[in-house]
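Below, each chain spelled out in residue letters.
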Amino acid sequence: MSVSMRDLDPAFQGAGQKAGIEVWRIENFSPTPIPKSSIGKFFTGDSYIVLKTTALKTGALRHDIHYWLGKDTSQDEAGTAAVKTVELDAALGGRAVQYREVQGHETEKFLSYFKPCIIPQESGVASGFKHVEAEEHITRLFVCRGKHVVTFARSSLTHDDIYILDTKSKIFQFNGSNSSIQERAKALEVVQYIKDTYHDGTCEVATVEDGRLMADADSGEFWGFFGGFAPLPRKTANDEDKTHTSDIKKLFCVEKGQANPVEGDSLKREMLDTSKCYILDCGLEVFVWMGRTTSLDDRKTASGAAEEMIRSSERPKSQMIRIIEGFETVTFRSKFDTWAQVTNTTVSEDGRGRVAALLQRQGVNVRGLMKAAPPKEEIQAFIDCTGNLQVWRVNDQQKILLQAADHSKFYSGDCYVFQYSYPGEEKEEVLIGTWFGKQSVEEERASAVSMASKMVESMKFVPAQARIYEGKEPIQFFVIMQSFIVFKGGIGSGYKKYIAEKEVDDDTYNENGLALFRIQGPGPENMQAIQVDPVASSLSSSYCYILHNDTSVFTWTGNLATSTDQELVERQLDLIKPNLQTRAQKEGSESEQFWELLGGKTEYSSQKLTKEPESDPHLFSCTFTKEILKVTEIYNFTQDDLMTEDIFIVDCHSEIFVWVGQEVVPKNKLQALTIGEKFIEKDSLLEKLSPEAPIYVIMEGGEPSFFTRFFTSWDSSKSAMHGNSFQRKLRIVKNGGTPVAEKPKRRTPASYGGRASVPDKSQQRSRSMSFSPDRVRVRGRSPAFNALAATFESQNARNLSTPPPVVRKLYPRSVTPDSSKLAPKSSAIASRSALFEQQLKTPPQEPSIPKSLKASPKTPESPAPGSNSNGKEEKKENGKEEEKSMSSRIEYLTIQEDAKEGVEDEEDLPAYPYERLKTTSADPVSEIDVTRREAYLSSEEFKEKFGMTKEAFYKLPKWKQNKFKMAVQLF
C-alpha cells in the first residue's frame, strides 16, 4: 500500500507510540484529540475513534482501532469516523485490526478498555453541547445485559435482567429472579462505578431481590419510585433481542465499490487475492479483508461497501471488523475450512518502516512506530528455592520414596510424583506434581496422576497441582530440582514390561557404559544434564556435552556455548562421573578417540538456538458439561474477573493454568486437570498448543506467585472472604471498596530434617548439590576440614571454597528454626576440634573426601529437680559464645585452606608455552589438569596474562580465582 503525507490526518501524528488508550472525537469531519481526563466519557450524538496500543512481551507494539458510533450520531460523522480509521491504520503501518462499535452493541474487547462499563451521556458536539456539571441529580434507571449498561424506561422491569436505579441519595440494584450470581456480581461493579463517579463515593447502596415484595425497607423505598409494587411481565422479544445466525458464511469480492459474491463449496485461504479486498458476511460479524498490496482508496471503498451491507439489511447488532492480510484474527481464520498461513509479514514490517520514515521527514517522533527489539529480561521462576522436596518413583500402582541424593535423577522410562513445600508471601505453599518420561508407559502415567490427585484432595485441594512431560519442563520445575539429570531407559516395572512386550533393547543408563549428556541451563541453581544418543548428530554448537565410557571422560564445548555453560559442565561432572580425569574437547579441534566413541564424525546442528519469548497471557472462562468444553475469552483481565463459582484458564502458550474457585462443585474440581487437557485439544487461539504443555491446577486462595504474576495487581484477602461472588462484592461496595476479611496469619515453615530447611536469612543458600563429596579432586579440602565443617554447615550448604550460586530470593526473610530439632553445636566442638588440629599438622594423604557427617537432633537434658536454673542459662551463654568463636574460626580456616590449596597446587608443576595450553592449540599439551591450565604458565607469562604474580593469585580464595579466570577467558 502506497502512502503519501496528504493521506494522513495531522491529528494522528505521533499516535500509537506507547502503550495506552488514545481517543479522537469527530468534529466538523475531522478527528480532535480527547484529553486523558475525558477518556471513557461518550456522548450519544457523537462518533469517536479509539486506539488501544499494547506492548507485547516480544518488544513489539500491537494496535487495535475502534470507531464508536453513538445512537444519535449523524450519518456524515459515522462515515467520517470509518474513513479516518483507515487513515489511522495507514499511519501505524497498515497492520491494525479495526472494529466498528455501535452504542449498546459494543464488542467485549472494546468494553474491556473501560471497565466496568461505559454510560453514554445524552447529546453531543454537533448540537452545541458543552460539558457542565448538573446542579440537580437526575434519577436514572440502567439495565445490565452482559457487559452492556443501557439507560432504560422505568416501566420495563423483567425477571431476566439486573437493573440499577440511581437516585440522589441511594443506589438500588434490582436482581431479576432469573439472573445468575455472576451477573449480579458484575452489576455491583457498575454500582461501585456510579457511586464513585456521580456521588463522590458517599451514597448508600441497597439490593432488592425479585419476589421479596415489601419484605424490607429498601424494597419498599425502591418500589416507591415506580408508584408501588406491581407484578413484572414476562420478557417479550423485540428487535433488539433478535439475533442473526452466524452459521451462514458468504464471501464477496469488492470491485469498483460493488460487493460481488465469490462462488465456492467451501472457504479456503487460497480464495483471497492479495491485490483485492473482500467482505465475509457471517451474520453477527462482518469482516473486511484487505490485501497487502491494495491502495488506501480501495480499503476505504471496501469499508463503505460493508457499512452499506449492514445498513441495508437492518442489522444494528452486527459488528464490522477490518483486517489486514498477514494479521488476521483467530476468529476470522476459524471461519475458513482450510487456512494455510503463507503471508510474509516482513513485507508489512518494511511498509511500517516506510511510513515511519515518511513521518520522520515531517519532523514527527516515530520511536514507537519502529520495530522494537525484544526486551532482555532475566528469566524468573517466581518460586522460592529453599523449600522441602519429596520425590516418589511410580512402580505400577505403587510409589517408592526416593532418597535425597536421587531427588533430581530421573529416568526417561519412568514416571515420578513430587511434593514441594516452600515459604510463600503469607503462608507455606505446596506444589504437587507428576513428571512423565518420554519412554514411560500410559498405565504408570495414569497411576501417577491418580496418586497426585489423591494427595491434593487429602490436603483439601489447597496445594497447586502440575502435570509435566519430559522436554516441556517449566522453569519452576527446574529451579525446584536445581541439578536435574535425565537418564535413558528406566528402572520401574512398567518400563521393563514394555521392552519385554515390544522386544526392544534396554538402553537404561549404565555408569560404566557409553553415554552422552547435553548440559544446559542458565546457572548453577538451574542446570540440567540430559542423556542423548551417543552419536555425533546429537551434538549442537550451542551446548556443552559430557561423553564417557568405563575408562574415559570427555567434555565437548560448542563454538556458540557460553562461559556459564562451561562452568555447568564442571558442576555436572561431579554428579555424573566424579572419579576420572576429564579431557576437554573444543569444537573444531576434537581428538580421534572422541569421534571414535561417537561412531565417527557426522553432521550436526551448528545454528544458534533462539528461545521463543514468553507469550502474552490470555484468560478464558470455562463451562464443562457432558465432556464438552465451552470457553469465552476475557480481554484486559484483572483479578476481579475471576468468579469463585467458576473455572478459568490462563493460556500462556507454553504453560496452561486452570484456576478453580472455592465455590465450584467438588465434581468439577476433580475434573480440573481434564479441563486443562480439553482446552489444549480445543486450541481456541489456533496457536498449535503442544499436547505435552505443562498444566497447573490452581485453587482459589492458594495462588502461587508464578500464577499471580499474570495480573497487574493481586489482593489475597479477596479469596479469604466468605460467600459467593455477589455476597463478597456487596460487602466491598458497602464498606467503601475495601475487602472485609480476616487476613490469614503467616505460618512459620517447619525446620525440615530432610532435603532442606529454612535457615536464618543470612545463612540461606541454594539446595543445589553441585559437587559430590565422593569425587576425588586435587583442589578439595582436607578430610579433617570436611568432617568438622559438616557439623556446622547446613545439610544443603555448598563447599565453602566454592562460591554459592546466586539465587534470586523472592521472599527474603529471617526465620528462626525450631530449636528442639537442631543439634546443639557445642556438643560436637570438643570432639571435632582435636581431630581438626591434629589433621592440620599431618601431611595430606591420598585425597579421599568422606560424605558429610550429619548430627542427629538431640533434646537438651532438663535440669535435675532442685537444680539452679541460672546454671542452665550460663551453660547456654557459654555454648553460644563457643559456637560463635568456632564459627569465626571455621570461616578463617576456610580462607587458609583455599590459600593452602593454591600454594600446593602451584608447587612442582612443569611450565609450558601459552600457545600449547589453549584449548584450540594445534599442538596441545597432554597429561595436565585441564581445569587449571593457568598453573602451567611460566611466572613471566602468568604475570603478563593475569596482571599479577602466581603467588598473589593463589592467595586469593578459590571462588575468586574461578571468577577471575571466567572473566579473562584466556584458554
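Small disclaimer: the values here were computed from a predicted structure and weren't measured. (Residues numbered from 1 in each chain as written. Predicted model: local features only at pLDDT ≥ 70, side-chain atom pairs only at ≥ 80, totals over all residues. Heavy atoms only, no water.)

Draft legend 1. Here's a closer look at the overall build of the protein. Across its full length, the protein carries 23 helices and 32 strands. For the protein, the residues scored as buried account for 48% of the 971 residues in total. At a minimum sequence separation of 6, the contacts of the protein that also span at least 24 residues come to 69%. Split by element, the accessible area of the protein, about 47,500 Å² in all, is 49% carbon and sulfur. (Helix = DSSP H or I, 4+ residues; strand = E, 2+ residues; numbered from the N terminus. Buried < 20%, exposed > 50% of the residue type's maximum accessible area, 1.4 Å probe, protein only. Contact = heavy atoms within 4.5 Å. Areas by Shrake-Rupley, 256 points an atom, 1.4 Å probe, with all protein chains shown as cover.)

Draft legend 2. Region of the structure containing the packing of aromatic side chains. In the structure shown here, the tally under the stated rule is 58 aromatic pairs. Taking 5.8 Å as the distance between ring centres and 85° as the angle between the ring planes, the aromatic pair formed by Phe332 and Trp339 counts as edge-to-face. Cluster of aromatic residues (ring-pair linked, three or more members): Tyr163, Phe172, Phe174, Phe222, Trp223, Phe225, Phe226 and Phe229. Geometry around Tyr543 places Arg518 over its ring, the cationic atom sitting 5.3 Å from the centre. (Phe/Tyr/Trp six-rings, centres within 6.5 Å; stacked < 30°, edge-to-face > 60°. Lys NZ or Arg CZ within 6 Å of the ring centre and 35° of its normal.)

Draft legend 3. Representation of the sheet that holds strand E23 (residues 515-523) within the structure. Strand order in the open sheet formed by seven strands is E18-E22-E24-E23-E25-E26-E27, and the pairing between neighbours is mixed. Of all the strands in the sheet, the pair left with one neighbour each is strand E18 (409-411) and strand E27 (582-586). Strand-to-strand twist of the sheet, defined as the mean angle between neighbouring strand axes without regard to direction, takes the value 20°. (Pairing = 2+ DSSP bridges. Axes fitted to C-alpha atoms, helices over the stretch in contact; angles between N-to-C directions.)

Draft legend 4. The arrangement of the pattern of salt bridges in detail. With the rule as written, the count across this model stands at 35 salt bridges. A salt bridge links Glu87 to Lys84, with the shortest nitrogen-to-oxygen separation between them at 3.4 Å. Placement of the pair is Glu87 and Lys84 together in helix H1 (residues 75-91), with a separation of three residues, close to one helical turn. Judged on exposure class, the residue Glu87 and its partner Lys84 are both buried. A salt bridge links Glu204 to Lys170, with the shortest nitrogen-to-oxygen separation between them at 3.9 Å. Remark: Lys170 occurs in strand E9 (residues 170-175) and Glu204 occurs in strand E10 (residues 204-209); sequence separation between them is 34 residues. Taking the relative accessible area as the measure of exposure, Lys170 reaches 8% and is therefore buried. The network of salt bridges with common partners includes Lys115, Lys186, Glu189, Asp641 and Lys729. (Salt bridge = Lys/Arg side-chain N within 4 Å of Asp/Glu carboxyl O.)

Draft legend 5. Spatial organisation of the pairing of strand E32 (residues 695-699). Within E32, five of the five residues are buried, which leaves the element mostly enclosed by the surrounding structure. Alternating positions in E32 separate into two faces, Ile695, Val697 and Met699 on one and Tyr696 and Ile698 on the other, with burial throughout. Here strand E31 (residues 656-660) runs beside E32; their pairing, made up of five bridges, is parallel. Among the inter-strand pairings, Trp659 is bridged to a residue of E32, identified as Ile698.

Draft legend 6. Representation of the confidence of the model for the protein. Within the protein, residue pLDDT values average 79, and 74% of them lie at 70 or more. Long-range and interchain partners of residues 742-837, a stretch whose pLDDT sits below 50, account for 220 contacts in this model, where long-range means more than four residues apart. Confidence drops under pLDDT 50 across residues 897-906; counting only partners more than four residues distant or on other chains, this segment forms 26 contacts. (pLDDT = per-residue confidence, 0-100.)

Draft legend 7. Fine view of helix H3 (residues 181-198). An ideal rise of 1.5 Å per residue puts 26 Å on 18 residues; H3 measures up with 26 Å between its terminal C-alpha atoms. All buried positions along H3 are accounted for by Arg184, Ala185, Ala187, Leu188, Glu189, Val190, Val191, Gln192, Ile194 and Lys195. Looking at the residues trailing H3, positive phi occurs at Asp200, about 55°. (Expected span 1.5 Å × (residues − 1).)

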